[in-house]
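Tertiary structure, described
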Amino acid sequence: MSKKRRKKKSKSVAGATKRRRESARGRGPSFLAIPDGIEVFGLKSAKTARVDIIPYEAGKGNPMADKGELYWERTFYIHRNIGPNEDWVVCPSRTMKKPCPICDFISKLQKDPDADESLIKALATSRRMIMNVVDKSDDTGVVKIWETSHAYFGKAIDEAMESSYEDDEDNMDNFCDPVDGNYLKMVVEKGWQGRGYSVERVDFKSRKEDLDEEILEAAVCLDDILIIKPANELKKLLLEDVDDDDEEEEEEKKSKSKSKSKKKSKKKEEEEEFEEDDEEYEEEDDEEKDDDEEDDDEEDDEEKDDDEEDDDEEDDDEEDDEEEDDEEEDDEEEDDEEEDDEEEDDEEEDDEEEEEEEVKSKKKKKASKKTSKKSKKKASKKTSKKTSKKTSKKTSKKSKKKTSKKNARKKGR
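Our subject in this report is the structure included herewith. On a predicted model such as this, the values are computed, not experimentally measured, just so you know.

1. Topic: the side chain of T148
- With respect to the helices and strands, T148 occurs in strand 8 (residues 143-149).
- Owing to a relative accessible area of 8%, T148 belongs among the buried residues under this scheme.
- Setting aside residues up to four positions removed in sequence, T148 forms contacts with R128, M129, M131 and F153.

What follows is the structure, encoded as structure tokens:
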């Protein structure tokens, strides 16, 4: 193997080893340009932690300190989950007072009454902060970068500084001064919904020794490590994000349309089944109607027979009247005739009652037809049988009476 090949191979291994070491140490979030050799600090358990915050010389654009002045933290704002890779990006507007297309898009959504509130909330900025710190539990005394949210640390230290403030001379505004300064004793607990670790209380503790010059020189200018993307790049990321959302909405619409089509097909099948059932019901109704018509025809035939019998009875009555005229001379016969007339009147009253009963039965038949066809059949058959029996009985009685009268009159003669 040549020296050149050996040299190239050693370089590639060194590069990979360097990346592995840096990833193990923690390279920090993508929106920070952390210098090589600088490690990242983070809270790793819910227990008391002690850190020394190292002041740095402020750079350009720091909202709290002029350039070259010592300060201890850098507040900035980010937009979460932007673009297809869901990147966290620094907001130029709230961090550096520069144009931000994401903020412009949020303001448009806020003016739209039909806008998705969850989308507005997801795109909103989040307040964060970075500091140079030395972990007191680490004997190396190396300066590290601590990046955290204002909610997880800023609130606690703000409350501590506020509670310790007495006046302009007696306060903790200069707690991290290199000479006669203080370190922080922090009570750490689990974060919101178990996410990470947050500082619940901060206590200021006096340093036993002043900060070394080497430590102060190792502090990073926090204003210079913020990665603020140009407006055109942010707009491109935002448009890609919006396009992805539109594609998801289209897919949801397609899936909904498919489900609707399936529902429609099911409805059609159900309607066809109902139509088939209706046809069967109609056929049954037609059969019932035919049966009803046959029953009505039978009843009409029976009524006709009854009418013929009534006509025969009238003929017999006429013969009786002729015989009565011939026998008026005999008083006894007249008395008999009067009795016969009374009997005939009774018979006529019975006939009227029968007619009324027949009318009532017909009305009942009509009502029963409306309520239930099946019950109508049974009722009509029963009534027809009853009426036929009654009429046959009455006609037989009348014929018997007439024959008996005739026989009596012949005997009288």
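2. Digging into the nonpolar core
- In this structure, W72, F153, L184 and M186 are the most contacted members of the largest nonpolar core, which totals 26 residues.
- Contributions of two or more residues to this core are made by strand 2 (49-54), strand 7 (125-135), helix 5 (150-163), strand 9 (182-190) and strand 10 (197-206).
- Take this core: its biggest share by element is five residues, from helix 5.
- Those residues in contact with M186, other than ones at most four positions away along the chain, are L43, K47, T48, A49, V51, W146, F153, V199, R201 and V202.
- Grouped together as the second largest cluster of nonpolar side chains are 21 residues, I54, I130, L211 and L226 included.

3. Looking at the environment of L222
- Along the polypeptide, L222 turns up in the loop between helix 6 (213-218) and helix 7 (231-326).
- On the basis of relative accessible area, L222 is assigned to the buried category, the value being 0%.
- Ignoring any residue separated from it by four or fewer positions in sequence, one finds L222 in contact with Y56, E73, R74, I130, M131, N132 and I145.

4. Topic: helix 3 (residues 101-111)
- Taken together, the buried positions of helix 3 are occupied by P101, I102, I106 and L109. Projected down its long axis, helix 3 carries its buried residues within an arc of 145°, all on one side. Exposed positions of helix 3 whose direction lies more than 90 degrees from the buried face are K108, Q110 and K111.

5. Regarding the pairing of strand 10
- Sheet analysis places strand 9 next to strand 10, joined by nine bridges and oriented antiparallel. The partner of V188 across the bridge, within strand 10, is V199.
- Counting the residues in the hairpin turn of strand 9 and strand 10 gives six residues, including Q193, whose phi is positive at 55°.

6. Quick notes on the pattern of salt bridges
- Counted by the stated rule, this structure contains six salt bridges.
- Across the salt bridge formed by D223 and R74, the nearest N and O atoms sit 2.5 Å from each other. Taken together, the residues D223 in the loop between helix 6 and helix 7 and R74 in strand 5 (residues 74-82) connect sequence positions 149 residues apart.
- Among the charged side chains, a network of salt bridges with common partners joins E39, D138 and K144.

7. Describing the packing of aromatic side chains
- A full pass over the atoms with the stated rule returns seven aromatic pairs.
- Centre to centre, the rings of Y71 and W72 are 6.1 Å apart; their planes meet at 45°, and the pair counts as tilted. The two residues Y71 and W72 agree in class, both being buried.
- Centre to centre, the rings of W72 and F175 are 5.3 Å apart; their planes meet at 75°, and the pair counts as edge-to-face. Taken together, the positions of W72 in the loop between strand 4 (70-71) and strand 5 and F175 in the loop between helix 5 and strand 9 put the pair 103 residues apart, joining distant regions of the chain. With respect to burial, W72 and F175 carry one shared label: buried.
- Chaining the aromatic ring pairs together yields one cluster made of Y71, W72, F175 and F204.
- When the ring centre of W88 is taken as origin, the NZ or CZ atom of R80, which lies over that ring, is 4.4 Å away.
- Directly above the ring of Y77 sits R94, whose terminal nitrogen or CZ lies 4.1 Å from the centroid.

8. Quick word on the environment of K44
- By secondary structure assignment, the location of K44 is in the loop between strand 1 (39-41) and strand 2.
- Note on K44: relative accessible area 75%, which makes it exposed.
- For K44 and Y197, which are 153 residues apart along the polypeptide, the C-alpha to C-alpha distance reads 7.1 Å.

9. A closer look at the side chain of S198
- Structurally, the position occupied by S198 is in strand 10.
- Overall, S198 belongs to the buried group, its relative accessible area being 4%.
- Only 2.8 Å separates the side chain of S198 from the side chain of E200, close enough to count as a polar contact.
- Ignoring any residue separated from it by four or fewer positions in sequence, one finds S198 in contact with Y152, V187, V188, E189, K190 and G191.

10. Notes on the environment of L239
- Checked against the element boundaries, L239 lands in helix 7.
- Taking the C-alpha atoms as reference points, L239 and I102, 137 residues apart in sequence, are found 9.8 Å from one another.

11. Quick word on unusual backbone geometry
- At E86, a residue that is not glycine, the phi angle is positive and equals roughly 55°.
- As for its position among the elements, E86 is in the loop between strand 5 and strand 6 (87-90).
- The class for E86 is exposed, based on a relative accessible area of 51%.

12. As for the pairing of strand 2
- Burial analysis of strand 2 places five of its six residues in the buried class, which makes it a mostly covered element.
- Both strand 2 and strand 9 contribute to a ladder of three bridges, which runs antiparallel. Across the sheet, the residue bridging to A49 is M186, located in strand 9.

Calculation rules
Residues numbered from 1 in each chain as written. Predicted model: local features only at pLDDT ≥ 70, side-chain atom pairs only at ≥ 80, totals over all residues. Heavy atoms only, no water. Helix = DSSP H or I, 4+ residues; strand = E, 2+ residues; numbered from the N terminus. Buried < 20%, exposed > 50% of the residue type's maximum accessible area, 1.4 Å probe, protein only. Contact = heavy atoms within 4.5 Å. Core = buried A, V, L, I, M, F, W, Y, C linked by side-chain atoms within 4.5 Å. Arc of directions from axis to C-beta. Pairing = 2+ DSSP bridges. Salt bridge = Lys/Arg side-chain N within 4 Å of Asp/Glu carboxyl O. Phe/Tyr/Trp six-rings, centres within 6.5 Å; stacked < 30°, edge-to-face > 60°. Lys NZ or Arg CZ within 6 Å of the ring centre and 35° of its normal. Polar contact = N/O pair within 3.5 Å; in protein donor to acceptor, adjacent residues only side chain to side chain.

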